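Remarks on the overall topology
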Amino acid sequence: MKKYLLVLVCAVFALSAQFSFAGDPKKEAAQWKYDIECAGTGNEGTFLVKVWTYSKKAVIPNEEAKKNAVHGVLFRGFAANGIGCVSQRPLIKDASVQHDKADYFDAFFGKESAYLKYASISSSVPEVVKISKKEFKVGYVVTVSKDLLRKDLEAAGVVKGLSAGF
């Protein structure tokens, strides 16, 4: 009897763990732990942003900074900071698009690494701030090609074209 009870408890625990992490907003938010701010004016059709990635290490891969910069331009936008910058709204104003088009964005930010096409590191040396004993804030200046990104998102059907409302 105890053996069956133990198996039943293990099965219930395994199933509850499986369902509790699927689509868990807290887990998804932990994946995107960064801040984004304006770093100046970029060339026509680009944003120049500073991305602060929170990490347990003082060094992060350039790809991580690029990924966070593109994600920030897509879903967060950034505020003006007084050095010639203006506030920018996110390219995708409806946050539910990230969940509705989850397959697209999983591939875009995942193994295909399509986001790399739209970002380049502008600062060769990152700025590192120690937050606590186990956490650092690593800042890179990144150029994001917003016009090309928007054009490709429109072509993929992820966002509507700017002239779609007319």
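An account of the accompanying structure is given in this report. Every value quoted in this text rests on a predicted model; they were computed, and no experiment measured them.

A negative phi angle characterises most non-glycine residues, just as the trans form characterises most peptide bonds. Non-glycine residue Ser113 carries a positive phi angle of around 50°. Looking at the element boundaries, Ser113 is found in the loop between helix H5 (102-109) and strand S3 (119-121).

Core analysis: the largest hydrophobic core is formed by 34 residues, its most contacted members being Val70, Leu74 and Leu149. Mapped by element, the contributors of at least two residues to this core are strand S1 (34-40), strand S2 (47-55), helix H3 (62-75), H5, strand S5 (135-144) and helix H6 (146-155). Setting aside residues no more than four positions away along its own chain, Leu74 makes contact with Pro90, Leu91, Ile92, Phe105, Phe108, Phe109, Leu149 and Leu153.

What the rule picks out here adds up to 11 aromatic pairs. Both rings, one in Phe105 and one in Phe108, keep their centres 6.3 Å apart while their planes meet at 80°; by these two values the pair is edge-to-face. With Phe105 and Phe108 both in helix H5, this residue pair falls 3 residues apart, about one helical turn. Across the pair, Phe108 and Phe105 agree in class, each one buried. An aromatic cluster of at least three residues, connected via ring pairs, comprises Trp32, Tyr34, Phe75, Tyr104, Phe105, Phe108, Phe109, Tyr115 and Tyr118. The lysine or arginine in question, Lys137, covers the ring of Trp52, its NZ or CZ lying 4.8 Å from the ring centre.

Conventions we followed
Residues numbered from 1 in each chain as written. Predicted model: local features only at pLDDT ≥ 70, side-chain atom pairs only at ≥ 80, totals over all residues. Heavy atoms only, no water. Helix = DSSP H or I, 4+ residues; strand = E, 2+ residues; numbered from the N terminus. Core = buried A, V, L, I, M, F, W, Y, C linked by side-chain atoms within 4.5 Å. Buried < 20%, exposed > 50% of the residue type's maximum accessible area, 1.4 Å probe, protein only. Contact = heavy atoms within 4.5 Å. Phe/Tyr/Trp six-rings, centres within 6.5 Å; stacked < 30°, edge-to-face > 60°. Lys NZ or Arg CZ within 6 Å of the ring centre and 35° of its normal.

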